[in-house]
Amino acid sequence: MNHVMPPPCGGAPAPGTPGVPTPGRPPQLLRSAGGITLRRRSPAQARALNAAVRANLDHLRPWLEWAAEAPTPARTAELTAAGVAAWNAGTDFIYLAGLDAEPGRVIGSFGLHGRIGPGALEIGYWVSAEHGRRGIATAAARTVAEAALALPGIHRVEIHCDPANTASGAVARRTGFRLDRVVPAPVRAPGETGRKQIWIRERNPAGV
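Quick notes on the rules
Residues numbered from 1 in each chain as written. Predicted model: local features only at pLDDT ≥ 70, side-chain atom pairs only at ≥ 80, totals over all residues. Heavy atoms only, no water. Helix = DSSP H or I, 4+ residues; strand = E, 2+ residues; numbered from the N terminus. Buried < 20%, exposed > 50% of the residue type's maximum accessible area, 1.4 Å probe, protein only. Contact = heavy atoms within 4.5 Å. Areas by Shrake-Rupley, 256 points an atom, 1.4 Å probe, with all protein chains shown as cover. Salt bridge = Lys/Arg side-chain N within 4 Å of Asp/Glu carboxyl O. Polar contact = N/O pair within 3.5 Å; in protein donor to acceptor, adjacent residues only side chain to side chain. pLDDT = per-residue confidence, 0-100. Core = buried A, V, L, I, M, F, W, Y, C linked by side-chain atoms within 4.5 Å. Pairing = 2+ DSSP bridges. Axes fitted to C-alpha atoms, helices over the stretch in contact; angles between N-to-C directions.

(A) Local environment of the overall build of the protein. Along the protein, the regular secondary structure elements total five helices and eight strands. Ordered by position from the N terminus, the helices and strands of the protein form the series β-β-α-α-α-β-β-β-α-β-α-β-β. Looking at the 208 residues of the protein, the share that counts as buried comes to 53%. For the protein, the proportion of contacts with a sequence separation of at least 24, taken over those separated by at least 6, is 67%. As presented, the protein carries roughly 9200 Å² of accessible surface, and 55% of it is formed by carbon and sulfur atoms.

See the structure below:
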């Protein structure tokens, strides 16, 4: 998982974080290798999302500030509604991940966020502990990155993670991102070191 705020709503940025509107919109449904489905988050999924987050707090708490407390169903519903509005505004695009073999269950979240400036989107993600080490995060992150780079006006996607979060860094590396730099960052979660890796993947010049 990487530094996403706050995935009770599936990876939306922290309240007050400005987002840059994106001209296009990615598909509302994405399919990835291994029977993984990424669906645009909707109010109908709020209950399943809340259950997934509450079941994974210990797994997420070292890296994600919002995981310090369990979200109530009402809070998840509220943030889900805010996420729907953000999609419509073109500033954030949040998907909930599921498996064809486990219909109706949320196993993680993947988001595209316009909080890093024009022409670029940041990818945020988390996957449940039960479904870790199965290539799900890698396959889904690759699919989301490709959807982002297919959008008009988007030429770069980034993943931000703490150097100590080796699992997130491995996902970035396996999905074709390169480590561009390491910068100071506020410590907001127990596992953080006060540094942040910036991983970058750019659009293929042939596709510009």
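(B) Up close: the pattern of salt bridges. Tallied over the full model, the rule gives 11 salt bridges. Across the salt bridge formed by R105 and E130, the nearest N and O atoms sit 2.5 Å from each other. A residue pair is termed long-range when its members are at least 10 positions apart, and R105 in the loop between β3 (92-99) and β4 (108-113) and E130 in the loop between β5 (120-127) and α4 (136-149) qualify at 25 residues.

(C) A look at the side chain of T138. Inspection of the secondary structure assignment puts T138 in helix α4. Judged by its relative accessible area of 8%, T138 falls in the buried class. Looking at T138, its side chain comes within polar contact range of the side chain of R174, at 3.0 Å. Those residues in contact with T138 that sit more than four places away from it in its chain are V171, R174 and T175.

(D) Up close: unusual backbone geometry. Phi at R133 is positive, roughly 60°, even though this residue is not glycine. Assignment of secondary structure puts R133 in the loop between β5 and α4. Taking relative accessible area as the criterion, R133 reaches 91% and is therefore assigned exposed.

(E) Looking closely at the environment of A167. Tracing the chain through its elements places A167 in helix α5 (residues 166-174). A relative accessible area of 48% means that A167 is categorised as partly exposed. Residues A167 and R133, spaced 34 residues apart in sequence, show a C-alpha to C-alpha distance of 8.9 Å.

(F) Expanded view of the confidence of the model for the protein. Per-residue pLDDT for the protein averages 90, and the proportion of residues at 70 or more is 89%. In the predicted structure, residues 3-16 sits below a pLDDT of 50 and forms 60 contacts with residues beyond four places in sequence or in another chain.

(G) Structural detail: the nonpolar core. If you look at the biggest cluster of nonpolar residues, it comprises 34 residues, and the most contacted ones within it are L38, F110, I123, V157 and F177. At the level of secondary structure, the elements contributing two or more residues to this core comprise β2 (36-40), β3, β4, β5, α4, β6 (156-161) and α5. A total of 10 residues in this core trace back to one element, the largest contributor, which is α4. Judged by nonpolar contacts, the second largest core, of 12 residues, contains L49, L60, W63 and L96.

(H) Fine view of the pairing of β3. Of all eight residues in β3, eight are buried, a share of seventy percent or more. Every second residue of β3 is oriented toward a common face, with D92, I94, L96 and G98 on one face and F93, Y95, A97 and L99 on the other, all of them buried. Inspection of the sheet shows β2 paired to β3 by five bridges, in the antiparallel sense. For I36, the partnering residue across the bridge sits in β3 and is L99.

(I) Region of interest: the sheet that holds β2. Reading across the sheet, the eight strands line up as β1-β2-β3-β4-β5-β6-β8-β7 and stay open at both edges, with mixed pairing between neighbours. The sheet is open, and its two edges are formed by β1 (29-32) and β7 (178-184), each paired on a single side. Strand-to-strand twist across the sheet, computed as the mean angle between neighbouring axes with direction ignored, equals 25°. Bridge count between β4 and β5: six bridges; the pairing is antiparallel. Each residue of the ladder has a partner; that of H113, found in β5, is E122.

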